[in-house]
Amino acid sequence: MNNGWELKETVFGYRIRKTEKRVIAASGIVFRPGDFCILYGRNGSGKSTVLRTLAGLMPPLSGRILWNGIDWHSLPAEKRAQTAAVVLTGFPVMGLFTAFETAALGRSPYTGRYGRLTAADRETVAAALEAVGVYTLKDRLFDSLSDGEKQKVMTARALAQQTPLLLLDEPTAFLDYESKKDFFHLLAACARKNGKTVIVSTHDLPYAEAETPLLFHCAEGTVSRENGFLR
């Protein structure tokens, strides 16, 4: 299959020494450009494991994940970084890095060995910070920001990466009511207006549902499409 992401008999999990811990399985699920997808389920149901595997940070236990018909985990790390941007839970310690400099790390797959930003790179980073509503914080040290502000900067970093795939794990955990609504609206627009594939794990389902996403339920050892049929 071309122009999309496909899970083929994929088993998600992890290995502890020589023991495999199966978490969840999925098959016959396709994500296409323009899809805004929500993974939901109880704590421990496998949402984060799915996202980390889709991000290429860990391999599936079995089966394959195809991107445009190519095995995703066979691609070089640089190519994956130019294809999928990831926002995981938790925040890095950035020392003397400002919010702008932290968001600018999203351009690193394109800036070469020395990491020098062009004027176009800086415009991309500024636009990403503006999109998530924290451009005015650009000169603040990242480590001095609130958790909600850090979450927005990390999202700006992913947007600045300008990838066709966007993966976010519990991105609204530290946001207030209005920010949650605005955030899901932004992500839905990234998918539908910009043609990205956006996949988000969240417990904030009522806020997400306002954007009529595709829903995928993580439960009882499987990922299943909840609204409509598996494509």
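Our subject is the structure that appears above.
Everything numeric here is computed off the predicted structure, so don't read it as measured data.

### Regarding the state of the cysteines
Step number 1: A full pass over the atoms with the stated rule returns zero disulfides.
Step number 2: With no disulfide of its own, Cys-37 has Cys-218 as its nearest cysteine by sulfur position, at a separation of 12 Å.
Step number 3: Taking relative accessible area as the criterion, Cys-37 reaches 0% and is therefore assigned buried.
Step number 4: The structure places no disulfide on Cys-190, whose sulfur is separated from the nearest cysteine sulfur, that of Cys-37, by 13 Å.
Step number 5: Given the relative accessible area of 5%, Cys-190 is considered buried.

### Considering helix α5 (residues 147-160)
Step number 1: Here α5 is 14 residues long and its end C-alpha atoms lie 20 Å apart, about the 20 Å a rise of 1.5 Å per residue gives.
Step number 2: Burial runs high along α5: 11 of the 14 residues are buried.
Step number 3: The set of residues buried in α5 consists of Gly-148, Lys-150, Gln-151, Lys-152, Val-153, Met-154, Thr-155, Ala-156, Ala-158, Leu-159 and Ala-160.
Step number 4: Following α5 by one or two positions, Gln-162 adopts a phi angle in the positive range, close to 50°.

### Re the environment of Arg-225
Step number 1: Here Arg-225 lies in strand β11 (residues 222-225).
Step number 2: For the pair Arg-225 and Leu-39, spaced 186 residues apart in the sequence, the C-alpha separation amounts to 9.5 Å.

### Considering the pairing of strand β9 (residues 197-201)
Step number 1: Of all the five residues making up β9, five are buried; the element is thus mostly covered by neighbouring parts of the structure.
Step number 2: Judged by which residues are buried, β9 turns out to be covered on both faces: Thr-197, Ile-199 and Ser-201 on one side and Val-198 and Val-200 on the other are all buried.
Step number 3: Relative to β9, strand β4 (residues 36-40) runs parallel, the two being bridged by four bridges. Within β9, the residue paired with Phe-36 across the bridge is Val-198.
Step number 4: For strand β8 (residues 165-169) and β9, the ladder comprises five bridges, and the chain directions are parallel.

### Examining unusual backbone geometry
Step number 1: Positive phi is not limited to glycine here, since Glu-9 has a value of about 50°.
Step number 2: You can see Glu-9 is positioned in strand β1 (residues 5-16).
Step number 3: With a relative accessible area of 59%, Glu-9 lands in the exposed category.
Step number 4: Positive phi outside glycine occurs at Glu-220, with the angle close to 55°.
Step number 5: Within the element layout of this structure, Glu-220 appears in the loop between β10 (214-219) and β11.

### A word on the packing of aromatic side chains
Step number 1: Counted under the stated rule, the structure contains six aromatic pairs.
Step number 2: Their ring planes at 65° and their centres at 5.7 Å tell us that Tyr-177 and Tyr-207 sit as a pair that is edge-to-face. Placement of the pair is Tyr-177 in helix α6 (residues 177-192) and Tyr-207 in helix α7 (residues 205-209), with a sequence separation of 30 residues.
Step number 3: Overall, the relative accessible area of 46% leaves Tyr-177 in the partly exposed class.
Step number 4: Among the aromatic residues, ring-to-ring pairing joins Trp-5, Phe-31, Trp-72 and Phe-216 into one connected group.

### Points about the packing of helix α4 (residues 119-132) against α5
Step number 1: α5 packs onto α4 with a crossing angle of 135° between their chain directions and a minimal axis gap of 8 Å. Judged by the inter-axis angle, α4 sits oblique to α5. Along this stretch, α4 crosses α5, giving a crossing that reads as right-handed. Counting all contacts with α4, which are made through Thr-124, Val-125, Ala-128, Leu-129, Ala-131 and Val-132, the residues of α5 involved are Lys-152, Thr-155, Ala-156, Leu-159 and Ala-160.
Step number 2: Of the residues that constitute the contact of α4 with α5, the class distribution is eight nonpolar, two polar and one charged.

### A look at the nonpolar core
Step number 1: Phe-36, Ile-38, Leu-166, Leu-168, Leu-187, Val-198 and Val-200 are the most contacted members of the largest nonpolar core, which has 39 residues in total.
Step number 2: Top element by residues in this core is α6. It accounts for seven residues.
Step number 3: Residue contacts for Val-198: discarding those within four places in its chain leaves Asp-35, Phe-36, Cys-37, Leu-166, Leu-168, Leu-187, Cys-190 and Ala-191.
Step number 4: Membership of the second largest hydrophobic core comes to 26 residues, among which are Phe-12, Ile-29, Leu-54 and Trp-67.

Rules behind the numbers
- Residues numbered from 1 in each chain as written.
- Predicted model: local features only at pLDDT ≥ 70, side-chain atom pairs only at ≥ 80, totals over all residues.
- Heavy atoms only, no water.
- Disulfide = S-S within 2.5 Å.
- Buried < 20%, exposed > 50% of the residue type's maximum accessible area, 1.4 Å probe, protein only.
- Helix = DSSP H or I, 4+ residues; strand = E, 2+ residues; numbered from the N terminus.
- Expected span 1.5 Å × (residues − 1).
- Pairing = 2+ DSSP bridges.
- Phe/Tyr/Trp six-rings, centres within 6.5 Å; stacked < 30°, edge-to-face > 60°.
- Axes fitted to C-alpha atoms, helices over the stretch in contact; angles between N-to-C directions.
- Parallel < 35°, antiparallel > 145°, perpendicular 65-115°, else oblique.
- Left-handed = near helix turned anticlockwise from the far one by under 90°.
- Contact = heavy atoms within 4.5 Å.
- Nonpolar A, V, L, I, M, F, W, Y, C, P; charged D, E, K, R; others polar.
- Core = buried A, V, L, I, M, F, W, Y, C linked by side-chain atoms within 4.5 Å.

Keep in mind that these numbers describe shape and distance, not what the molecule does.
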